[in-house]
Amino acid sequence: MLSGLRVLDLSRILAGPWCTQLLADYGADVVKIEKPAGGDDTRRWGPPFLDAADGDTVAAYFLCCNRGKRSLALDFTTAEGQDVVRRLAAISDVLVENYLPGTLARYGLDYASLSALNPRLVYCSITGFGQDGPNAHRAGYDAMIQAEAGLMSLTGAEDGGPMKVGIAVSDIMCGMYAATAILAALHERARTDRGSRLDLALFDCQVGWLANQGMNYLVGGEAPARHGTAHPNIAPYQAFATADGHLMLAVGNDDQFRRFCAAVGLDALAADPRFATNAGRVAARDALVAAIAARLAQHATQDWLRRFDEAGVPAGPVNDLAQVFAHSQVAARGLRAEQIHDRWGPLPQVANPLRRDAHPQLAPRPPPALGQHSDEVLAELGVDADARAALRARGVTGA
């Protein structure tokens with residue numbers, strides 16, 4: 001879908017690399033710039049690590065968000081490194097970076113400088129707090145953003161303390177917002193023949209996807225509380241203990257509630273006027289949940305799930321990741337993939353969930369070793385073998 005699109009990736013950690021991996025999955029040629037000494041920090045964010053026969057190791061964290069890319073190990077704090085970045089930017093469609101505001105301007109690699117070389121460049125900056133405002137100078141990491149932008153106040157047990165989500169969702173969602181913004185900017189460029197500057201902040205994106213909880217506050221005027229697994233606007237919609245584990249019940253409307261009551265033998269609940277509507281069930285949540293909990297504790301999870309499936313009541317087991325990756329639907333949909341790396345051998349991947357015309361969208365290149373494509377990328381820029389060797393000798397590039 002994005003074949004022929006050139007992306008220059010100056011980002012590290014997760015939000016930026018997640019964005020550029022999406023673009024690579026959709027067919028873009030992504031060149032990832034990494035510092036020669038160590039590369040992207042996430043190469044060492046383990047265990048677990050994948051080990052190569054030559055002793056090279058890479059963390060699973062890096063492997064989750066860098067497939068489809070070519071790695072150019074380059075020190076752009078040097079004049080020669082800056083020249084390489086400028087030459088790449090001149091022929092690129094998109095640049096993604098996640099340095100603190102003003103950092104790249106010190107090296108002449110900011111939007112103003114590079115757009116003067118390539119007016120069609122879409123330049124996407126991802127930071128913790130954006131390019132302006134009183135907090136623009138602050139670095140941003142996912143966990144602190146989950147806390148400061150409100151997500152931790154909504155997550156966890158009702159009587160517990162703040163809790164982060166088990167995945168770095170603030171980073172991931174910012175990366176996804178960035179990818180969609182880039183695609184929109186490219187669409188606009190097709191009309192105007194000019195690129196644009198995109199400013200994405202982890203904080204802004206986290207506030208932006210507070211979704212119904214954000215609107216609950218803005219409309220109701222009361223800061224939402226934690227509800228554990230329960231939904232603030234729907235009931236019954238939460239996890240329940242069974243005789244041998246847990247299940248997640250997701251009753252979304254009044255008809256489903258009546259079918260649920262019939263399936264579990266709680267006809268009295270269906271007949272109770274307190275529970276006739278969703279608004280009533282939310283208001284009387286405590287009594288409703290107590291009655292359901294007592295009933296669901298009497299039988300095993302799979303017994304209940306079979307009944308719910310027959311009745312058309314949405315529910316599912318609470319699986320760990322071993323159960324997820326053994327799931328028949330994961331196999332049927334190809335969500336567990338494998339790539340072969342010439343250094344690390346077979347390399348597992350969690351597939352891109354998109355299917356286009358029934359085909360999965362997964363970049364054919366596995367995540368790169370540090371500097372794996374340095375010679376290749378420099379040669380494409382017209383840098384001859386002697387000059388490439390001289391850059392390596394001076395530590396400007398690495399392979």
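Structure: see above.
Cut-offs applied
Once a new chain begins, its residue numbering starts again from 1 and follows that chain's sequence as written. Thresholds applied to this predicted model are a pLDDT of at least 70 for local features of residues and 80 or more for the giving and counting of side-chain atom pairs; totals over whole chains, interfaces and linings are not thresholded and use all residues. Side-chain calculation: all heavy atoms of the structure are included, whereas hydrogens and water are not. Helix and strand definitions follow DSSP, with helices as H or I runs of at least four residues and strands as E runs of at least two, each counted in order from the N terminus. Two residues qualify as a contact provided that any one of their heavy atoms is within 4.5 Å of a heavy atom in the partner residue. To be clear on the numbers: accessible area is Shrake-Rupley with a 1.4 Å probe, and residue cover counts the displayed protein chains and nothing else. In this charge count, Lys and Arg are treated as positive and Asp and Glu as negative; neither His nor the chain ends contribute. Note that the charge is assigned to NZ on lysines, CZ on arginines, CG on aspartates and CD on glutamates. We call a residue buried when its accessible area falls under 20% of the maximum for its residue type, exposed when it is over 50%, and partly exposed in between, using a 1.4 Å probe and counting protein chains only. Pairing between strands requires that DSSP locate at least two bridges from one strand to the other. Interaxial angles span 0 to 180 degrees and are taken between N-to-C directions of axes, which are lines fitted to C-alpha atoms, for helices over the stretch in contact. Any angle between 65 and 115 degrees counts as roughly perpendicular, while under 35 counts as roughly parallel, over 145 as roughly antiparallel, and the rest as oblique. By convention, the crossing between two helices is left-handed when the near helix turns anticlockwise from the far helix through less than a right angle, and right-handed when the turn is clockwise. Amino acids outside the nonpolar list (Ala, Val, Leu, Ile, Met, Phe, Trp, Tyr, Cys, Pro) and the charged list (Asp, Glu, Lys, Arg) are all regarded as polar, and Gly is one of them. Disulfides are defined in this document as cysteine sulfur pairs within 2.5 Å. Ring pairs shown here join Phe, Tyr and Trp side chains whose ring centres sit within 6.5 Å, with only the six-membered ring taken for Trp; geometry is labelled stacked below 30 degrees between planes, edge-to-face above 60, and tilted in between. Any carboxyl oxygen of Asp or Glu within 4 Å of a side-chain nitrogen of Lys or Arg constitutes a salt bridge here.

Caption draft 1: Representation of the overall build of the chain in the model. Across its full length, the chain carries 18 helices and 16 strands. Reported as C-alpha extents along the three principal axes, the dimensions of the chain are approximately 85 × 50 × 40 Å. At a minimum sequence separation of 6, the contacts of the chain that also span at least 24 residues come to 67%. Carbon and sulfur atoms form 56% of the exposed surface of the chain, whose accessible area is close to 18,900 Å². When the 37 basic and 44 acidic side-chain charges of the chain are each reduced to a single mean position, those positions are 2 Å apart.

Caption draft 2: Local environment of the pairing of strand β1 (residues 6-10). Among the 5 residues that make up β1, 4 are buried, leaving the element largely enclosed by the rest of the structure. Relative to strand β2 (residues 29-34), β1 runs parallel, the two sharing 4 bridges. If you follow aspartate 9 over to β2, its bridge partner there is lysine 32. As judged from the 4 bridges shared by β1 and strand β6 (residues 94-97), these two strands associate in the parallel manner. By the bridge assignment for β6, leucine 8 is matched with leucine 95.

Caption draft 3: Focus on the packing of helix α10 (residues 254-264) against helix α14 (residues 301-311). Packing of α10 against α14 brings their axes to within 10 Å, and their N-to-C directions diverge by 135°. One element, α10, and the other, α14, form an angle in the oblique class. Between α10 and α14 lies a crossing of right-handed hand. Contacts between α10 and α14 involve Arg259, Phe260, Ala263 and Val264 from the first element and Trp304, Arg307, Phe308 and Ala311 from the second. When grouped by side-chain class, the residues that make up the contact of α10 with α14 number 6 nonpolar, no polar and 2 charged.

Caption draft 4: Just the state of the cysteines, in detail. Inspection of every chain in the model, using the stated rule, returns 0 disulfides. In this structure cysteine 19 is not part of a disulfide, and its nearest cysteine sulfur, from cysteine 124, lies 5.5 Å away. A disulfide-free cysteine, cysteine 205 has its sulfur positioned 3.7 Å from the sulfur of cysteine 174, the nearest such atom. Accessibility expressed as a relative area gives 6% for cysteine 205, which makes it buried.

Caption draft 5: The packing of aromatic side chains, seen in detail. According to the stated counting rule, one finds 8 aromatic pairs in the structure shown. Between tryptophan 304 and phenylalanine 308 the ring centres are 6.2 Å apart and the planes differ by 15°, which places this aromatic pair in the stacked class. Linking tryptophan 304 with phenylalanine 308, this pair stays in helix α14, spanning 4 residues, or about one helical turn. Of the two residues, tryptophan 304 and phenylalanine 308, both sit in the buried class.

Caption draft 6: Quick look at the pattern of salt bridges. The final tally for this structure, using the stated rule, is 25 salt bridges. Measuring nitrogen to oxygen at the nearest pair gives 2.7 Å for the salt bridge that ties arginine 43 to glutamate 34. The same class applies to arginine 43 and to glutamate 34, which are both buried. We note a salt bridge from aspartate 255 to arginine 259, for which the minimum N-O separation is 2.2 Å. A residue pair is termed a helical-turn pair when its members lie 3 or 4 positions apart in one helix, as aspartate 255 and arginine 259 do in helix α10 at 4 residues. Residue arginine 259 is classed as partly exposed on the basis of its relative accessible area of 29%. The network of salt bridges with shared partners includes Asp29, Arg70, Glu376 and Glu380.

Caption draft 7: Broad picture of the pairing of β6. Of the two faces of β6, the one carrying Val94 and Val96 and the one carrying Leu95 and Glu97 are both buried. Relative to strand β7 (residues 122-127), β6 runs parallel, the two sharing 4 bridges. Looking across to β7, one finds that valine 96 is bridged to cysteine 124.

Caption draft 8: Seen up close, the sheet that holds strand β9 (residues 237-241). Across the sheet, which stays open at both edges, the 3 strands sit in the order β9-β10-β11 with antiparallel pairing between neighbours. The strands lining the two open edges of the sheet, one partner per strand, are β9 and β11 (315-317). Each neighbouring strand pair of the sheet contributes to a mean axis angle of 20°, computed without reference to strand direction. The sheet contact formed by β9 and strand β10 (residues 246-250) spans 5 bridges and is antiparallel. Opposite alanine 241, over in β10, you have histidine 246 as the bridge partner.

Everything listed here is a matter of coordinates, which is why it stays silent on function.
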